[in-house]
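Read off the chains here:
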Amino acid sequence: MTPEENEYPVDRRLDRPVDRAVDHPADGPADQVVDRPSDQPTDPPGDRPADPPAGHLVGHSADHAVEKAAPKTTDQSVERTADRSAGHSEQRPPTLLRVLLERLNWAKFAVFDVQFSLAARRAAKEYGNSRVGNVSVSRITFKRWLAGTQSPQGDAATVLAYMLGVEVDLLLQRVPSREVVPARLPHGSSLATARSMDALWSSSSLSPSEAAAGAGGLWYLDGMRIFDGTAVPAQMYEATSQDDVVSIAVEENPHLRAFVAPARRALLIASLGGSGGEGLYVLDSARARYQLDADPRGTLPIPKPYRLDDLTFGIVWAMLNLEDSLLADDHILDSERRELESHLAMPRSAVARSAMPELSRVGAAWLGSYFCTLHIERHLGEVTEPPFHWTREQTGEESAAWLFFRHKHEHLARTAARRADPSVRPGHAFCIPEKAVKDSEPYERILLFLNVALMEMHGLSVWICAEEEYSQIDEFVLAPDDRVIVANWLRSDGIWRVGITDQRSQVRTYTQAIDHARARSVIDGPTSAHRLRALADYLSIDWPWLLRRCQELGAYGSSGMLRPRSRLLSMDQLDEVLRFVGEFDPK
């Protein structure tokens with residue numbers, strides 16, 4: 001492959017007239033160093049070289065279109081002769097110089113010439129050497145540099161190193177290349193649907209075909225109050241509808257394999273836009289990798305329940321934010337968890353957020369929640385009568401802990417097992433003011449709903465009061481022996497603040513809060529179905545739609561859509577609560 005065949009379109013913002021030194025004759029002033037050969041052979045014009053073959057090796061992103069070569073010029077003919085005489089082969093890896101210039105969009109001589117002249121002037125000023133400011137490079141020399149058949153010398157080498165910030169010896173080194181398998185550009189309606197998600201969900205920013213078409217874009221998922229925010233590689237493919245699945249065509253398998261091969265988390269987004277359909281469907285790359293290995297010559301099916309909507313987006317948004325932060329904090333959390341015993345031995349304990357500044361917000365929330373759970377269970381001891389719980393969740397982001405933290409699931413199971421009489425349901429109270437509901441996104445309200453449904457599924461009767469003044473009450477457990485176990489981690493200044501008291505005045509305050517929530521619950525009802533239906537109305541969630549979607553997603557399981565990687569998280573309880581909700585009567 002000749003160098004000019006591998007050029008890229010010029011960034012027209014750079015290809016504009018500038019005040020720079022013009023070419024100088026060979027007999028110019030003595031202090032003028034010009035890197036131009038005085039004797040340039042000429043070859044007759046020839047035919048245009050062929051376009052590069054598909055799947056060619058490149059050392060750069062695949063989103064730049066390959067520019068067709070112009071008719072041969074004198075410099076280009078000389079360059080090809082020089083390349084052949086030096087044993088040049090298009091199979092050789094590119095030089096670091098070529099890779100850097102292509103990434104900067106400076107690999108076209110017209111652009112490089114401008115940038116080099118500007119760099120020469122800046123270098124002359126910085127080094128106090130006017131001679132350096134007059135250095136220029138001919139087209140043929142530039143091509144030889146790119147090909148690695150000629151090394152920059154003298155002042156030209158000085159300017160080039162200054163321009164790119166890399167020593168010349170390194171610039172001429174060969175760098176590894178990898179084959180980039182291109183993907184088909186998504187249909188225009190598919191791209192429009194993908195971009196509309198950013199308007200539908202404020203925490204979403206999806207670039208399905210940028211910045212490297214064929215190599216995957218990024219899906220940014222912003223946090224609000226607790227989540228740190230994350231980004232996941234995402235690639236869009238056209239699909240067709242077939243019964244209960246959408247299928248990505250077998251022609252996409254080469255790119256699919258390349259995209260899902262790395263062990264990192266990535267998502268496939270299938271669209272029906274090209275076939276006249278609607279909707280986007282999401283699949284974990286690990287699941288896609290398994291399916292491609294099982295049937296390498298078949299289409300890739302994605303269940304239709306994995307369609308992106310408020311339910312599935314909320315799950316993806318919460319799960320990825322939690323997991324990426326916990327994986328980033330994994331070593332620190334493991335170390336801190338081993339040191340908790342000394343704190344548990346004390347009746348009162350508090351840890352400031354500043355004590356562990358290296359933890360992410362999610363990491364601090366997990367540690368606080370984990371310690372508070374240990375504190376509660378330690379002080380409940382062998383109690384067999386059901387205690388009353390009060391927790392502080394008001395949004396879906398806050399509720400994600402109950403839906404995904406493994407220690408929360410184990411705590412709910414132990415709470416249910418603690419009851420000596422299964423007919424006696426313990427109570428669980430929240431304060432969720434109307435303002436908190438109005439300020440929440442629809443997908444957040446669905447996560448909050450699933451949190452309450454999870455507790456009902458485990459045999460707790462949930463009460464919700466709406467008075468704002470109860471929002472600041474501590475998270476606590478009212479034990480049957482008139483003790484209050486305080487365990488704050490949510491919306492707290494520190495990572496946790498815990499304590500225990502049996503003073504009558506303090507116990508009375510917490511008891512009154514429980515009594516108020518029980519008497520003034522906005523979701524009062526005799527059964528879980530009645531209470532959850534009332535909750536859906538309070539949160540402005542379409543009840544029949546929610547039941548249908550929970551039933552669909554629960555039947556397939558959410559782990560195919562999104563597989564957990566952190567040992568601290570689990571989606572088993574989420575799938576169970578989806579099936580639990582899906583069994584209710586939509587009428």
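A quick note: this is a predicted structure, and the numbers were derived from the prediction, not measured.

Kindly report on the overall build of the protein, identifying the contributing residues and their values.
Broken down by element type, the protein carries 21 helices and 16 strands. By the burial criterion, 53% of the 587 residues in the protein qualify as buried. Sequence separation of 24 or more characterises 77% of the internal contacts of the protein that already satisfy a separation of 6 or more. Here the protein displays about 26200 Å² of accessible surface, and carbon together with sulfur accounts for 50% of that area.

Requested: an account of the packing of helix α17 (residues 442–457) against helix α19 (residues 528–538), with residues and values cited.
It is at 11 Å that the axes of α17 and α19 come closest, and there the two elements cross at 170 degrees. Between α17 and α19, the interaxial angle falls into the category roughly antiparallel. Of the residues in α19, those in contact with Phe449, Val452, Ala453 and Glu456 of α17 are Ser528, Arg531, Leu532, Leu535 and Ala536. Across the contact of α17 with α19, the residue classes tally to 6 nonpolar, 1 polar and 2 charged.

An account of the packing of aromatic side chains is requested, with residue identities and associated values reported.
For the structure on display, the rule yields 21 aromatic pairs. Ring plane angle 75 degrees and centroid distance 5.8 Å describe the contact between Tyr127 and Tyr162, whose orientation is recorded as edge-to-face. With Tyr127 in helix α3 (residues 109–127) and Tyr162 in helix α5 (residues 154–164), this pair connects stretches of sequence that are 35 residues apart. Judged by its relative accessible area of 44%, Tyr127 falls in the partly exposed class. Members of the aromatic cluster, each reached through a chain of ring pairs, are Trp201, Trp219, Phe227, Phe313, Trp317 and Tyr443.

An account of the sheet that holds strand β16 (residues 494–501) is requested, with residue identities and associated values reported.
Here 7 strands make up an open sheet; going across it, the order is β10-β16-β15-β14-β11-β12-β13 and the pairing mixed. The open sheet has two edge strands with one neighbour each: β10 (349–352) and β13 (461–465). The mean angle between the axes of side-by-side strands here comes to 15 degrees, regardless of whether they run parallel or antiparallel. By the bridge criterion, 2 bridges tie strand β11 (residues 388–390) to strand β12 (residues 427–431) in an arrangement that is parallel.

Kindly report on the pattern of salt bridges, identifying the contributing residues and their values.
Where charged atoms of side chains with opposite charge meet at close range, the side chains can pair. Counted by the stated rule, this structure contains 26 salt bridges. A salt bridge links Asp334 to Arg338; the shortest N-O distance between them is 3.1 Å. One salt bridge in this structure joins Arg549 and Glu552, with 3.0 Å as the shortest N-O distance. Of this pair, Arg549 and Glu552 both sit in helix α20 (residues 543–556), 3 residues apart, roughly one helical turn. The partly exposed category is assigned to Glu552, whose relative accessible area is 27%. Residues joined in a network through salt bridges with shared partners are Arg265, Asp284, Glu323, Asp324 and Arg565.

Report on the nonpolar core, specifying residues and quantitative values.
Within the largest apolar cluster, 117 residues are counted, with the highest numbers of intra-cluster contacts made by Trp219, Leu268, Phe404, Phe449 and Leu450. Listed in part, the 29 residues of the second largest apolar core include Ala120, Ala157, Met163 and Val168.

I'd like a rundown of the side chain of Ser471, residues and numbers included.
Relative to the assigned elements, Ser471 resides in the loop between β13 and β14 (476–478). A distance of 3.1 Å separates polar atoms of two side chains, one belonging to Ser471 and the other to Gln394.

Requested: an account of the pairing of strand β15 (residues 484–488), with residues and values cited.
Summarising burial for β15: 5 of the 5 residues are buried, a large majority. As judged from the 3 bridges shared by β14 and β15, these two strands associate in the antiparallel manner. Of the residues in β15, the one forming a bridge with Phe476 is Val486. With antiparallel pairing between neighbouring strands as the criterion, β14 and β15 make up a hairpin whose turn holds 5 residues, including Asp482 at a positive phi of roughly 60 degrees. Strand direction decides the pairing type here: β15 and β16, joined by 5 bridges, are antiparallel. Residue Val484 lies in a different strand from β16, and its bridge partner there is Thr501.

So what's going on with unusual backbone geometry? Which residues, and what values?
You will see that Asp243, though not glycine, has its phi angle at about 55 degrees, which is positive. Residue placement: Asp243 occurs in the loop between β5 (230–242) and β6 (245–248). Although it is not a glycine, Arg491 sits at a positive phi angle of roughly 50 degrees. If you trace the backbone, Arg491 turns up in the loop between β15 and β16. For Arg491, a relative accessible area of 34% puts it in the partly exposed group.

Parameters at a glance
- Residues numbered from 1 in each chain as written.
- Predicted model: local features only at pLDDT ≥ 70, side-chain atom pairs only at ≥ 80, totals over all residues.
- Heavy atoms only, no water.
- Helix = DSSP H or I, 4+ residues; strand = E, 2+ residues; numbered from the N terminus.
- Buried < 20%, exposed > 50% of the residue type's maximum accessible area, 1.4 Å probe, protein only.
- Contact = heavy atoms within 4.5 Å.
- Areas by Shrake-Rupley, 256 points an atom, 1.4 Å probe, with all protein chains shown as cover.
- Axes fitted to C-alpha atoms, helices over the stretch in contact; angles between N-to-C directions.
- Parallel < 35°, antiparallel > 145°, perpendicular 65-115°, else oblique.
- Nonpolar A, V, L, I, M, F, W, Y, C, P; charged D, E, K, R; others polar.
- Phe/Tyr/Trp six-rings, centres within 6.5 Å; stacked < 30°, edge-to-face > 60°.
- Pairing = 2+ DSSP bridges.
- Salt bridge = Lys/Arg side-chain N within 4 Å of Asp/Glu carboxyl O.
- Core = buried A, V, L, I, M, F, W, Y, C linked by side-chain atoms within 4.5 Å.
- Polar contact = N/O pair within 3.5 Å; in protein donor to acceptor, adjacent residues only side chain to side chain.

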